[in-house]
Amino acid sequence: AAAGPERPQVVSHVQQALNYTVFDCKWVPRSARLLCLGSAARGTGLVQLYELHGARLELLREIEKPKPIKCGTFGATSVQQRYLATGDFDGNLNIWNLEAPEIPVYSVKGHKEIINSIDGVGGLGIGEGAPEIVTGSRDGTVKVWDPRQKDTPVANMEPVQGESKRDCWTVAFGNAYNQEERVVCAGYDNGDIKLFDLKTMSLRWETNIKNGVCSVEFDRKDINMNKLVATSLEGKFHVFDMRTQHPTKGFAFVSEKAQKSTIWQVRHLPQNRDIFMTSGGSGSLHLWKYEYPAQRSKKDSEESEMGVAGSVCLLQNVTLSTQPISSLDWSPDKKGLCVCGAFDQTVRVLIVTKLNKI
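All figures in this text were calculated on a predicted structure; none of them were measured in a lab. (Residues numbered from 1 in each chain as written. Predicted model: local features only at pLDDT ≥ 70, side-chain atom pairs only at ≥ 80, totals over all residues. Heavy atoms only, no water.)

Q: Got a minute to help me understand the sheet that holds strand 17 (residues 202-208) in this structure?
A: Where strands meet in a sheet, backbone hydrogen bonds hold them as pairs that are either parallel or antiparallel. The four strands are arranged 14-15-16-17 in an open sheet whose pairing can be described as antiparallel. The open sheet has two edge strands with one neighbour each: strand 14 (168-174) and strand 17. Adjacent strand axes in the sheet meet at a mean angle of 15 degrees, parallel and antiparallel pairs treated alike. Relative to strand 17, strand 16 (residues 192-197) is paired through six bridges, and the arrangement is antiparallel. Among the inter-strand pairings, F196 is bridged to a residue of strand 17, identified as L203. (Pairing = 2+ DSSP bridges. Helix = DSSP H or I, 4+ residues; strand = E, 2+ residues; numbered from the N terminus. Axes fitted to C-alpha atoms, helices over the stretch in contact; angles between N-to-C directions.)

Q: Honestly, the UniProt feature "repeat: WD" (unreviewed entry) in the chain in this entry has me stumped. Any pointers?
A: Feature annotation in UniProt assigns "repeat: WD" (unreviewed entry) to the following positions: residues 133-146. Taken end to end, residues 133-146 is 0% helix and 64% strand, and its two terminal C-alpha atoms sit 6 Å from one another. (UniProt positions renumbered as here; feature names shortened; annotations may be inferred.)

Q: Is there a simple way to explain the pattern of salt bridges in this structure?
A: Close approach of charged atoms allows side chains of opposite charge to pair. In total, this model carries 19 salt bridges according to the counting rule given. Between K227 and D274 there is a salt bridge; the shortest N-O distance is 2.6 Å. Linking K227 in strand 19 (residues 227-232) with D274 in strand 23 (residues 272-280), this pair joins segments that are 47 residues apart in sequence. One network of salt bridges, with partners in common, ties together D219, K227 and D274. (Salt bridge = Lys/Arg side-chain N within 4 Å of Asp/Glu carboxyl O.)

Q: Teacher, can you tell me more about the packing of aromatic side chains here?
A: Aromatic ring pairs are defined here through the distance separating the ring centres and the angle between the ring planes. Summed over all chains, the structure comprises nine aromatic pairs. For the pair F23 and F89, a centre-to-centre distance of 5.4 Å together with 40 degrees between the ring planes defines the contact as tilted. Of this pair, F23 sits in strand 2 (residues 21-27) while F89 sits in the loop between strand 7 (84-88) and strand 8 (92-96), and the two are 66 residues apart along the sequence. According to the relative accessible area criterion, F23 is buried, its value standing at 18%. Judged by centre distance (5.2 Å) and plane angle (85 degrees), the rings of W264 and F343 are edge-to-face. One end of the pair, W264, is in strand 22 (residues 263-269); the other, F343, is in the loop between strand 29 (337-342) and strand 30 (346-352), with 79 residues separating them in the sequence. A cation over an aromatic ring shows up here: K150 above the ring of Y106, its NZ or CZ 5.1 Å from the ring centre. (Phe/Tyr/Trp six-rings, centres within 6.5 Å; stacked < 30°, edge-to-face > 60°. Buried < 20%, exposed > 50% of the residue type's maximum accessible area, 1.4 Å probe, protein only. Lys NZ or Arg CZ within 6 Å of the ring centre and 35° of its normal.)

In structure tokens form, the structure reads like this:
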């Protein structure tokens, strides 16, 4: 890990005990507020809205819904609207106006089983093009939705006939740097990673990392694909350089064994795409920096361009809980402000220092 006084510190600023299982937590854009999404003991879904006041969190409102809520995103609406899209245990995709959360502004029975993962793009000024939401489910399908279009997805990636359906654990948008281009990356329980090109409606690339893929994220959604991090069930993560795709070898990557337990989440720092945090099954957080190689591509013996992977450097790690930290979100507005939710039924607000020094 980086040494000396310039090394970032991960400080637990506020801890808030919850009386339910938290599955996801999100900063509300342009505010000092955060959301916790989860499952109450009696099997209903909960959304809690908190506001950060100095060193304490104040509960502003609690919204109960019929089904446990697994995941959420603000990514498909404008900063003015700040509507929250959620995926629940029953396969429903709902979009909520948190000011009037009684009835969803958009609702669709998206999947036959639980929606494990959700991502949004085209809202919040992030990514060009339509305001779309992608959902990944245990039913083996990945679907892209445009909330302006009722009931039917604009894209549906499902197993081909005869192919067994795999549990999709994670989805992420990328490459949305103009009106036409957009990709979705999906990770599955058997280690498959698939990259779907929404412009050509085709599978652009696939690989397998041998272990269940818990989380995938591009370093930025709204640029030419640059890097993709994929985390896995057995403590390894892979950073793929997405700039150069070789015809047979695909994308160059570096892999790192971060810990012995599952890496549940990866989240890139919004203000610096080369810094990212991983959260683990052992209740720990690891802060990493990606170092680019001297040259990002080279020619192989057949004169085809192939990527060259860089390296990763551990900046800091901290153990906060005895239970897995299952969700993680950086504040888009305040550099170094972070929220995480763990299975010890606690949400923690963290401050990561000295990020401008690295």
